[in-house]
Amino acid sequence: MDAFKRDMRSSSEVQQCNYVTGSSDFMLVVTAWNMTAYEDFTRRKFFDNPNIRGFRTSVVMDRVKVGLDVPLAPDGSGETR
């Protein structure tokens, strides 16, 4: 697991790597110029890694909203109304 985290941190294609709960261990946001470049990435990072049992791909068709803002209460308490 630590080796995978290090590999994802050093991969220029990986924009985000999150360790998650549920049916998967990690969720990645990856950029690629085209599907050939993405296929090359998956071969290098997933198919050639004996610790990867499987992965699932979703392709973004339209970015409806993108942001990382965290709404905070005006008084800074963290409680929203």
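Residues numbered from 1 in each chain as written. Predicted model: local features only at pLDDT ≥ 70, side-chain atom pairs only at ≥ 80, totals over all residues. Heavy atoms only, no water.

This next bit is on a nonpolar patch on the surface. Taken together, the side chains of M35, V59 and M61 make up a nonpolar region of the molecular surface, amounting to roughly 380 Å² of accessible area. Along the chain, M61 turns up in the segment after α2 (35-47). (Patch = residues over 30% accessible without salt bridge, like charges linked within 9 Å, V, L, I, M, F, W, Y side chains within 5 Å. Areas by Shrake-Rupley, 256 points an atom, 1.4 Å probe, with all protein chains shown as cover. Salt bridge = Lys/Arg side-chain N within 4 Å of Asp/Glu carboxyl O. Helix = DSSP H or I, 4+ residues; strand = E, 2+ residues; numbered from the N terminus.)

In a soluble, globular protein the nonpolar side chains are often hidden away together inside. F4, M8, V14, Y38, F41 and F46 together form the largest nonpolar core, which totals 6 residues. For this core, the elements supplying multiple residues, two or more each, are α1 (2-10) and α2. With 3 residues, the top contributor of residues to this core is α2. In contact with V14, other than residues within four places in its own chain, are M8, L28, V29, V30 and F41. (Core = buried A, V, L, I, M, F, W, Y, C linked by side-chain atoms within 4.5 Å. Buried < 20%, exposed > 50% of the residue type's maximum accessible area, 1.4 Å probe, protein only. Contact = heavy atoms within 4.5 Å.)

Let us look at the pairing of strand β2 (residues 26-30). Sheet topology places strand β1 (residues 14-19) next to β2; 5 bridges connect them, and they run antiparallel. For Q16, the partnering residue across the bridge sits in β2 and is V29. (Pairing = 2+ DSSP bridges.)

Between the first and last C-alpha of α2 there are merely 16 Å, a value that for 13 residues lags more than 12% behind the 18 Å anticipated at 1.5 Å per step. Looking at the buried positions of α2, the neighbouring elements they touch are α1, β1 and β2. Capping the start of α2 is the job of one residue whose side-chain oxygen sits 3.1 Å from the backbone nitrogen of T36: N34. (Expected span 1.5 Å × (residues − 1). Polar contact = N/O pair within 3.5 Å; in protein donor to acceptor, adjacent residues only side chain to side chain.)

Right, let's get into the side chain of K45. If you trace the backbone, K45 turns up in helix α2. A distance of 2.8 Å separates a polar atom in the side chain of K45 from a polar atom in the side chain of D7. A distance of 3.2 Å separates the side chain of K45 from the side chain of S11, its partner in a polar contact. For K45, the residues in contact, after removing those within four places along its chain, are D7, M8, S11 and I52.

Counting across every chain of the model gives 6 aromatic pairs. Seen from their ring centres, F41 and F46 are 5.6 Å apart, and the 80° between their planes marks the pair as edge-to-face. On the basis of relative accessibility, which here comes to 9%, the residue F46 falls in the buried class. What links up through ring pairs into an aromatic cluster is the set Y38, F41, F46, F47 and F55. (Phe/Tyr/Trp six-rings, centres within 6.5 Å; stacked < 30°, edge-to-face > 60°.)

Without other data, these values stay purely geometric and don't point to any function.
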